[in-house]
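One-letter residues, chain by chain:
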Amino acid sequence: MLEEWQTSWKNGNTGRKIFNIMPSVSLRPTNWIREDVIFFSQHGLFPAYLKRIHLSDSDYCSCGGIGTALHYATECIYIVCWHIRKPAPNFEQEWLKRVANNLFSRQKIRGIIKFISENRDLFRLP
């Protein structure tokens, strides 16, 4: 059953952002909470995602940057206290893996997601 699941996961078309972080299936829990899933899947409250699924006309954060998960974690001026050093573009996938496997970094990510969730109006364009 695990081999079949692994084959399905490896050859699937969905969940590729998570697949790039966790390429192997496992029966062991990841200990991810809602905020982790939102950040690493890059789904939910990010303007870039909302525009992609046609729920918004703009993919911009109110600070002027493109509202992606990486933007909030590394450069949005409204949440500087949770910033993590931005990766070089060619190392973004490795950066995401390291952040996902580092509890301190995940705590920062959780703070970002909670802050955005609680202050949605701050991040919407007027």
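Residues numbered from 1 in each chain as written. Predicted model: local features only at pLDDT ≥ 70, side-chain atom pairs only at ≥ 80, totals over all residues. Heavy atoms only, no water.

- As recorded by an unreviewed UniProt entry, the protein carries the name Reverse transcriptase zinc-binding domain-containing protein and is attributed to Araneus ventricosus.

Notes on the overall build of the protein
Inference 1: Counting its regular elements, the protein contains 8 helices and 0 strands.
Inference 2: Seen in sequence order, the protein has helices and strands lined up from the N terminus as α-α-α-α-α-α-α-α.
Inference 3: Radius of gyration (C-alpha) of the protein: 15 Å, near the 14 Å computed for a compact globule of 126 residues.
Inference 4: If you line up the protein on its principal axes, its C-alpha atoms span 50 × 35 × 30 Å. (Helix = DSSP H or I, 4+ residues; strand = E, 2+ residues; numbered from the N terminus. Rg over C-alpha atoms; globule rule 2.2 N^0.38 Å.)

Remarks on a nonpolar patch on the surface
Inference 1: A cluster of nonpolar residues, Ile77, Tyr78, Val80 and Leu122, forms a patch on the protein surface that exposes about 360 Å² of accessible area.
Inference 2: Relative to the elements of secondary structure, Ile77 occurs in the loop between helix 5 (69-74) and helix 6 (92-100). (Patch = residues over 30% accessible without salt bridge, like charges linked within 9 Å, V, L, I, M, F, W, Y side chains within 5 Å. Areas by Shrake-Rupley, 256 points an atom, 1.4 Å probe, with all protein chains shown as cover. Salt bridge = Lys/Arg side-chain N within 4 Å of Asp/Glu carboxyl O.)

Considering the layout of surface pockets
Inference 1: Estimates place the volume of the largest pocket at around 370 Å³.
Inference 2: Lining the largest pocket are 16 residues; nearest its centre among them are Met22, Ser24, Ser26, Arg28 and Thr30.
Inference 3: Split by residue class, the lining of the largest pocket holds 9 nonpolar, 5 polar and 2 charged.
Inference 4: Volume-wise, the second largest pocket comes out at about 250 Å³.
Inference 5: Lining the second largest pocket are 13 residues; nearest its centre among them are Leu45, Pro47, Leu50, Phe123 and Arg124. (1 Å grid on protein atoms, 1.4 Å probe; cavity = no way out; pocket = protein on both sides within 12 Å on 5 of 7 lines; lining within 4 Å. Points joined across faces, edges and corners; volume = space filled by probe spheres on them. Nonpolar A, V, L, I, M, F, W, Y, C, P; charged D, E, K, R; others polar.)

Thoughts on the pattern of salt bridges
Inference 1: Evaluated as defined, the whole model comprises 4 salt bridges.
Inference 2: In this structure, Arg106 engages Asp36 in a salt bridge whose closest nitrogen and oxygen atoms are separated by 3.6 Å. Separated by 70 residues along the polypeptide, Arg106 in helix 7 (residues 103-118) and Asp36 in helix 3 (residues 34-41) bring together distant segments of the chain.
Inference 3: On the basis of relative accessibility, which here comes to 0%, the residue Asp36 falls in the buried class.
Inference 4: For the salt bridge of Lys86 with Glu75, the shortest nitrogen-to-oxygen distance reads 3.0 Å. Residue Lys86 is located in the loop between helix 5 and helix 6, and its partner Glu75 is located in the loop between helix 5 and helix 6; the two are separated by 11 residues in the primary sequence.
Inference 5: By relative accessible area, which is 38% here, Glu75 ends up partly exposed.
Inference 6: The network of salt bridges with shared partners includes Asp36, Arg106 and Arg110. (Buried < 20%, exposed > 50% of the residue type's maximum accessible area, 1.4 Å probe, protein only.)

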